[in-house]
There are 2 protein chains.
Amino acid sequence: MSKRVITISREFGSGGRAIGKMVADKLGVKFYDRELIQLVAKESGFALDFVEETGEYSSTSSLLYNLSVGGIYTQGAFSPETLPPADKVQILQNNIIRELAEKEPCVIVGRSADYILRERTDCLNVFIHADMAHKVKRAVELYNISPKSPEKILAKKDKARASQYRRYTDQVWGMADNYHLTLDSGVFGLEKCCDIIVALAR
Amino acid sequence: MSKRVITISREFGSGGRAIGKMVADKLGVKFYDRELIQLVAKESGFALDFVEETGEYSSTSSLLYNLSVGGIYTQGAFSPETLPPADKVQILQNNIIRELAEKEPCVIVGRSADYILRERTDCLNVFIHADMAHKVKRAVELYNISPKSPEKILAKKDKARASQYRRYTDQVWGMADNYHLTLDSGVFGLEKCCDIIVALAR
């Protein structure tokens, strides 16, 4: 296919993860969501939960990200050993994402992968969103989100993702310009979103 | 088709207008871009250039828009006759857009039509963008934009559109959440963007 790597960013409850899995299955390529967290946990030695939280919601400074992205660590100016755990996880996660993209075609969910892989021309960057009603329904049914004011929980999750993206990329999470394609899964449904992504990736 | 009205918002030079025309032709529905300006000019008595500039780049306050959208004018609390010309054009344009959408299936380019028609469930709201290199190439070739720092001219155009959208809608122009679909025409090309929109509208 013309786009080897598909990155899926998504609002919480929009079904972006499920769409990503369907896309990977249809294209017959690897899928990295929880699998990515496991890889990072294994290589870093940190607990799964810590890696999961840190990789998408942490409050690490953008300076550290930019240093790691800029490759200053690899030039020996800083020592990764002395970094706080969250920064170590981030840097390791970024490196693993770059290695996975280099190795073989795949679908990667979240973790600012669109930005981490921005130098590649073989990525299709997708953002999935939906109206609050669709997201709440899905989140309550599938993710054990309390049906008592679930809107607040969802908004908080997305706010943390947006903050993380902002710190790391200096861009606005969810701005069309950052993605090749954005889709409202509440209007189109998951199947159709999958079909469009597959058609555009091929 | 399931979506009667397609609104196309677009970055300057992204080919959004051309895509909209192709979509309208394929679906066999009316197309409103310059045609909309002509309608507003005819009904208002203002010059075409003034209507064109005012309808997408004016600096009118959001208060007036909101009043017109809220229908306070129609309740007689304010008199449209005493309004500044730019406000008259805006209110007339909004009314015409609503009438067009009500009348028959169509494609409407720009003018915050996605927001003006937000209460309708039969709209497909699309945003078209592209990287600067693609936009500059198109703008210099087709719109007589000076090849001397065209980036500045394009950025200024989009900034004005974004400001207008912000004032009117209190939303961020180009945020994925405001549209059902956003597409990078620089990566996919105009034809493919058209095909996706047509497939999703049907």
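The rules behind the values
- Residues numbered from 1 in each chain as written.
- Chains lettered and ligands numbered in written order.
- Predicted model: local features only at pLDDT ≥ 70, side-chain atom pairs only at ≥ 80, totals over all residues.
- Heavy atoms only, no water.
- Helix = DSSP H or I, 4+ residues; strand = E, 2+ residues; numbered from the N terminus.
- Buried < 20%, exposed > 50% of the residue type's maximum accessible area, 1.4 Å probe, protein only.
- Contact = heavy atoms within 4.5 Å.
- Axes fitted to C-alpha atoms, helices over the stretch in contact; angles between N-to-C directions.
- Parallel < 35°, antiparallel > 145°, perpendicular 65-115°, else oblique.
- Left-handed = near helix turned anticlockwise from the far one by under 90°.
- Nonpolar A, V, L, I, M, F, W, Y, C, P; charged D, E, K, R; others polar.
- Buried area = accessible area lost by both parts, 1.4 Å probe.
- Salt bridge = Lys/Arg side-chain N within 4 Å of Asp/Glu carboxyl O.
- Polar contact = N/O pair within 3.5 Å; in protein donor to acceptor, adjacent residues only side chain to side chain.
- Core = buried A, V, L, I, M, F, W, Y, C linked by side-chain atoms within 4.5 Å.
- Least-squares fit on C-alpha atoms with pLDDT ≥ 70 in both.
- Pairing = 2+ DSSP bridges.
- pLDDT = per-residue confidence, 0-100.

Here's the deal with the overall build of chain A
Step number 1: On a plain count of helices and strands, chain A comes out with 10 helices and five strands.
Step number 2: Burial analysis of chain A (202 residues in total) assigns 53% to the buried set.
Step number 3: Considering only intrachain contacts with a sequence separation of at least 6, the fraction spanning at least 24 residues in chain A is 73%.

Describing the packing of helix α10 (residues 190-201) of chain A against helix α10 (residues 190-201) of chain B
Step number 1: It is at 12 Å that the axes of α10(A) and α10(B) come closest, and there the two elements cross at 160°. Taken together, the axis directions place α10(A) and α10(B) in an arrangement best described as roughly antiparallel. For the pair α10(A) and α10(B), the crossing hand works out as right-handed. On the side of α10(A), the interface is formed by K192(A), I196(A) and L200(A), while α10(B) contributes K192(B), I196(B) and L200(B).
Step number 2: Looking at side-chain class alone, the contact of α10(A) with α10(B) contains four nonpolar, no polar and two charged residues.

A look at the interface of chain B and chain A
Step number 1: Listed per partner, the contact involves 22 residues of chain B and 22 residues of chain A.
Step number 2: Together chain B and chain A conceal approximately 1700 Å² of surface at their shared face, both sides included; 61% is due to carbon and sulfur atoms.
Step number 3: Contact with chain A buries area across many residues of chain B, yet H180(B), F188(B) and L200(B) alone supply 28% of it, more than any other trio.
Step number 4: The tally of links from chain B across to chain A stands at zero salt bridges.
Step number 5: Counting across the chain B and chain A interface gives 11 residue pairs in polar contact (both at pLDDT 80 or more).

Details of the nonpolar core
Step number 1: I6(A), L181(A), I197(A), I6(B), L181(B) and I197(B) are the most contacted members of the largest nonpolar core, which has 46 residues in total.
Step number 2: For I6(B), the residues in contact, after removing those within four places along its chain, are V23(B), L27(B), C106(B), V107(B), I108(B), L124(B), V126(B), I197(B) and A201(B).

Digging into the relation of the copies chain B and chain A
Step number 1: Mapping chain B onto chain A is achieved by rotating through 180° and translating by 0.0 Å along the same axis, at an RMSD of 0.0 Å. Each copy turns onto its partner about a two-fold axis. Among all residues of chain B, the minimum C-alpha distance to the rotation axis is found for M175(B), at 2.2 Å.
Step number 2: A share of 100% of interface residues in chain B that are also interface residues in chain A marks the association as one of identical surfaces.

Some words on the packing of helix α1 (residues 16-27) of chain A against α10(A)
All names here are of chain A.
Step number 1: Between α1 and α10, the least distance of the axes is 9 Å, while the angle of their chain directions is 50°. Here α10 runs oblique to α1, going by the angle between their axes. Judged by the sense of rotation from one axis to the other, the crossing of α1 with α10 is right-handed. Contacts between α1 and α10 pair A18, I19, M22, V23, K26 and L27 from the former with L190, E191, C193, C194, D195, I197, V198 and A201 from the latter.

Let's talk about the pairing of strand β1 (residues 5-10) of chain B
All names here are of chain B.
Step number 1: Extensive coverage of β1 is indicated by the burial of six of its six residues.
Step number 2: Burial of β1 is two-sided: the residues V5, T7 and S9 facing one way and the residues I6, I8 and R10 facing the other way are all buried.
Step number 3: Alignment of β1 against strand β3 (residues 106-109), held across four bridges, turns out to be parallel. Across the sheet, residue V5 finds its bridge partner in β3, namely C106.
Step number 4: Two elements, β1 and strand β4 (residues 123-129), share six bridges in a ladder whose sense is parallel. Residue pairing in the sheet places T7 in a bridge with N125 of β4.

So, the confidence of the model for chain A
All names here are of chain A.
Step number 1: Per-residue pLDDT for chain A has a mean of 87; in total, 88% of the residues score no lower than 70.
Step number 2: In the model of chain A, helix α4 (residues 62-70) stands out as the element of lowest mean pLDDT, 51, in contrast to strand β5 (residues 181-184), which has the highest, 98.
Step number 3: Of the regions scoring below 50 in pLDDT, residues 70-77 engages in 11 contacts with residues more than four places distant in sequence or in other chains.

Describing the pattern of salt bridges
Step number 1: Under the criterion given, the structure shown has 26 salt bridges over all chains.
Step number 2: Residue D122(A) is joined to R120(A) by a salt bridge in which the shortest nitrogen-to-oxygen separation is 2.9 Å.
Step number 3: Classification of D122(A) by relative accessible area gives buried; the value is 14%.
Step number 4: K135(B) is the partner of D158(B) in a salt bridge, and the nearest nitrogen-oxygen pair spans 3.7 Å. Placement of D158(B) in helix α8 (residues 150-169) and of K135(B) in helix α7 (residues 132-142) is noted, with a sequence separation of 23 residues between them.

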